[in-house]
Amino acid sequence: MFLGALCRLPLAVARSVLVALCGRLGALCWSPAHLFLSLSLSLPGWRRVSAPSPAAPADTRRERDDWSPTPTSVNYHFTRQCNYKCGFCFHTAKTSFVLPLEEAKRGLAMLKEAGMEKINFSGGEPFLQDRGEFVGKLVQFCKQELKLPSVSIVSNGSLIRERWFKKYGEYLDILAISCDSFDEDVNVLIGRGQGKKSHVENLHKLRQWCREYAVAFKINSVINRFNVEEDMNEQIKALNPVRWKVFQCLLIEGENSGEDALREAEKFVISDEDFERFLDRHKDVSCLVPESNQKMRDSYLILDEYMRFLNCRNGRKEPSKSILDVGIEAAIKFSGFDEKMFLKRGGKYVWSKADMKLDW
């Protein structure tokens, strides 16, 4: 009876009624709201924003013109500027643009409304902008205002100071520090040299600050021609990160490969067999999370400095229109994002420090 009356209403009015009911019922119980949303699909012209039921085959879902993936976990590279020159970098300093803070916040609020649960801030080097204040304010906004379950940062660690932890540490769930080698000579070859400073010593200092300020500590390593034979078992176990993300060196045309690229990463590339041998050497490290080129390419939702989703399916980064201009649903359809691969590579995990059983 209700649906019969609803279907006789003008389409715009019917949509408004259903959205209002879903919002109210959703606050009380998931199932009724989901039921109304499912029934609403029978209305002509109604477009579904959230992902279809997982029971539907992935290929079938992708063929539907009105289907859009949910931006559950988003990597926002808000700056391309960096103080390091890693030879294999695949998000290079092609622009110096950074969105105004309030515009960045607006986009993040849109993503939360569309279903985002985890945001990861990256670069470039995120602590370069306003000496870490810019990323600090975004971290605080996402945790305090948007109440996201997980807020994380990927950094090379060279510019982080203890005062940042004192001011913003409570709002940060995970700090991931890039460390590709525990041999300083290799770090210099890769492009992570800090002059007289030691990248490894700084890594241990950051590890201690994460303990003191209750931030989960993570390490990211890119396995390449210069570190593929290294044994990191002892050092990783001593640092005891919650996750050790191990990436296979990846070529992206226009970033670290090709005529218009700022890097020439071909000399860093390793074979799949080389990567597997490195993984086998470290198989007893319980926090190891391996990511081959195949797993990486389509399983990340990446926003660039203009808040455009980057599609890497063709081996280069092809941007969508900005979510600030066309909205999440229209932009994300061009992201090339593979939700199935995202889940297969373990993209969804215990990512809120409130849920982690850690000895700080």
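Conventions we followed
Residues numbered from 1 in each chain as written. Predicted model: local features only at pLDDT ≥ 70, side-chain atom pairs only at ≥ 80, totals over all residues. Heavy atoms only, no water. Helix = DSSP H or I, 4+ residues; strand = E, 2+ residues; numbered from the N terminus. Buried < 20%, exposed > 50% of the residue type's maximum accessible area, 1.4 Å probe, protein only. Contact = heavy atoms within 4.5 Å. Areas by Shrake-Rupley, 256 points an atom, 1.4 Å probe, with all protein chains shown as cover. Core = buried A, V, L, I, M, F, W, Y, C linked by side-chain atoms within 4.5 Å. Salt bridge = Lys/Arg side-chain N within 4 Å of Asp/Glu carboxyl O. Patch = residues over 30% accessible without salt bridge, like charges linked within 9 Å, V, L, I, M, F, W, Y side chains within 5 Å. Lys, Arg positive; Asp, Glu negative; His and termini not counted. Charge placed at Lys NZ, Arg CZ, Asp CG, Glu CD. Pairing = 2+ DSSP bridges. Right-handed = clockwise from strand over helix to strand, strands pointing away. pLDDT = per-residue confidence, 0-100. Phe/Tyr/Trp six-rings, centres within 6.5 Å; stacked < 30°, edge-to-face > 60°. Lys NZ or Arg CZ within 6 Å of the ring centre and 35° of its normal.

1. Notes on the overall build of the protein chain
Okay, step 1: Per the secondary structure count, the protein chain includes 15 helices and 10 strands.
Okay, step 2: Counting all 360 residues of the protein chain, 52% fall into the buried class.
Okay, step 3: Summarising the internal contacts of the protein chain: among those between residues at least 6 apart in sequence, 72% fall at separations of at least 24.
Okay, step 4: Total accessible area on the protein chain is roughly 17500 Å²; 52% of this is exposed by carbon and sulfur atoms.

2. Focus on the nonpolar core
Okay, step 1: Ranked by size, the top nonpolar core spans 65 residues in total, and within it Y76, L108, I119, F121 and W244 carry the most contacts.
Okay, step 2: At six residues, the largest contribution of residues to this core is made by helix α6 (residues 133-145).
Okay, step 3: Setting aside residues up to four positions removed in sequence, Y76 forms contacts with L99, A104, L108, I119, N120, F121, S122, L138, L303, D304, E305 and M307.
Okay, step 4: Counting 16 residues, the second-largest nonpolar core is a separate cluster that includes Y84, I190, V222 and I252.

3. Considerations on the pattern of salt bridges
Okay, step 1: Summed over all chains, the structure comprises 17 salt bridges.
Okay, step 2: A salt bridge links E102 to K105, with the shortest nitrogen-to-oxygen separation between them at 3.7 Å. Taken together, the residues E102 and K105, both in helix α5 (residues 101-113) and three residues apart, mark about one turn of the helix.
Okay, step 3: Residue R106 pairs with E103 through a salt bridge whose shortest N-O separation is 3.0 Å. Separated by three residues within a single helix, R106 and E103 lie in helix α5, roughly one turn from each other.
Okay, step 4: On the basis of relative accessible area, R106 is assigned to the partly exposed category, the value being 36%.

4. Description of a positive patch on the surface
Okay, step 1: A surface patch of positive charge is lined by R131, R161, R163, K197 and K205.
Okay, step 2: Tracing the backbone shows K205 in helix α9 (residues 199-212).
Okay, step 3: On the accessibility criterion, K205 (39% relative accessible area) is partly exposed.

5. Quick notes on the pairing of strand β1 (residues 73-77)
Okay, step 1: Among the five residues of β1, five are classified as buried, and the element is accordingly described as predominantly covered.
Okay, step 2: Where β1 lies against strand β2 (residues 118-122), five bridges are found, and the strand directions are parallel. Counted as the bridge partner of V74 is I119 from β2.
Okay, step 3: You can see the chain leave β1, run along α5 and come back into β2, and the turn it takes is right-handed.
Okay, step 4: Inspection of the sheet shows β1 paired to strand β8 (residues 302-303) by two bridges, in the parallel sense. Bridging across to β8, N75 finds its partner in I302.

6. Observations regarding unusual backbone geometry
Negative phi is the rule for most residues except glycine; trans is the rule for most peptide bonds.
Okay, step 1: Residues G123 and G124 are joined by a peptide bond in cis, for which omega reads 10 degrees.
Okay, step 2: Structurally, the position occupied by G124 is in the loop between β2 and α6.
Okay, step 3: Positive phi, normally seen in glycine, also occurs at D130, with a value near 55 degrees.
Okay, step 4: The backbone of A214 sits at a positive phi, close to 55 degrees, despite the residue not being glycine.
Okay, step 5: With respect to the secondary-structure elements, A214 resides in the loop between α9 and β5 (216-223).
Okay, step 6: In this structure A214 comes out as partly exposed when scored by relative accessible area, which is 25%.

7. Regarding the confidence of the model for the protein chain
Okay, step 1: Chain-level statistics for the protein chain give a pLDDT mean of 83 and a share of 80% at 70 or above.
Okay, step 2: Low confidence marks residues 1-64, where pLDDT is under 50. Its contacts with residues over four positions away, or in another chain, come to 60 contacts.

8. Describing the packing of aromatic side chains
Okay, step 1: Within the structure shown, the criterion is met by 15 aromatic pairs.
Okay, step 2: Where F88 meets F268, the ring centres are 5.6 Å apart and the plane angle is 90 degrees; that geometry is what we call edge-to-face. Note that F88 is positioned in the loop between β1 and α5 and F268 in the loop between β6 (243-248) and α11 (272-281), a separation of 180 residues in sequence. By the burial criterion, F88 is buried, and F268 matches it.
Okay, step 3: Aromatic side chains F165 and W209 sit 5.9 Å apart centroid to centroid with 55 degrees between the ring planes, which places their arrangement in the tilted category. Taken as a pair, F165 in helix α7 (residues 162-168) and W209 in helix α9 lie far apart in primary sequence, 44 residues in all. Each of the two residues, F165 as well as W209, counts as buried.
Okay, step 4: One aromatic cluster in this structure is built from F127, W164, F165, Y168, W209 and Y213.
Okay, step 5: When the ring centre of Y349 is taken as reference, the NZ or CZ atom of R243 above it lies at 3.6 Å.

9. A closer look at the side chain of S73
Okay, step 1: Relative to the helices and strands, S73 is located in strand β1.
Okay, step 2: For S73, a relative accessible area of 12% gives the class buried.
Okay, step 3: Not counting the four nearest positions on each side in its chain, S73 is found in contact with K118, L301, F342 and W351.

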